[in-house]
Amino acid sequence: MKYQLFGEWLKAKLKANGILQKDFAKEICVSTNTVTSWTTGIREPGIRNFIWICRYFAIIEGVHPTEIISEAADLF
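All figures in this text were calculated on a predicted structure; none of them were measured in a lab. (Residues numbered from 1 in each chain as written. Predicted model: local features only at pLDDT ≥ 70, side-chain atom pairs only at ≥ 80, totals over all residues. Heavy atoms only, no water.)

Trainee: Sorry if this is basic, but what is going on with the packing of helix H1 (residues 6-16) against helix H5 (residues 65-73) here?
Mentor: Helix-helix packing is characterised by the crossing angle of the two axes and by the distance between the axes. Close contact between H1 and H5 brings their axes to 10 Å; oriented N to C, the two are set at 135 degrees. Compared by their axis directions, H1 and H5 come out oblique. Of the residues in H5, those in contact with Phe6, Trp9 and Lys13 of H1 are Ile68, Glu71 and Ala72. Partitioned by chemical class, the residues of the contact of H1 with H5 number four nonpolar, no polar and two charged. (Axes fitted to C-alpha atoms, helices over the stretch in contact; angles between N-to-C directions. Helix = DSSP H or I, 4+ residues; strand = E, 2+ residues; numbered from the N terminus. Parallel < 35°, antiparallel > 145°, perpendicular 65-115°, else oblique. Contact = heavy atoms within 4.5 Å. Nonpolar A, V, L, I, M, F, W, Y, C, P; charged D, E, K, R; others polar.)

This is the structure:
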């Protein structure tokens, strides 16, 4: 599926992997409100958090981080 916004992609990734926003927020050391603002498109993560997000999904999906980065970079 093609996404137009980073928030759509992130929301879909969380859902596909069965991860709650509050649990994801804890894993990458941000508030739940921050994750909510990303998934709703109010804000986008800074580059540091973008890298943490990509590393997180690469680990849980068992793929190389560049695969996730290339998937998300066009939306960022």
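Further notes follow.
Trainee: Can you help me understand the pattern of salt bridges in this one?
Mentor: It is possible for side chains of opposite charge to pair when their charged atoms get near one another. Summed over the entire model, instances satisfying the criterion amount to two salt bridges. When the shortest N-O distance is used, the salt bridge between Lys13 and Glu61 registers 2.9 Å. Placement of the pair is Lys13 in helix H1 and Glu61 in helix H4 (residues 47-61), with a sequence separation of 48 residues. Glu61 gets classed as partly exposed once you look at its relative accessible area, which sits at 29%. Across the pair Glu71 and Lys13 runs a salt bridge whose closest N-O atoms are separated by 3.1 Å. Highlighted residues: Glu71 in helix H5 and Lys13 in helix H1, separated in sequence by 58 residues. Among the residues examined, Glu71 registers a relative accessible area of 37% and is labelled partly exposed. (Salt bridge = Lys/Arg side-chain N within 4 Å of Asp/Glu carboxyl O. Buried < 20%, exposed > 50% of the residue type's maximum accessible area, 1.4 Å probe, protein only.)

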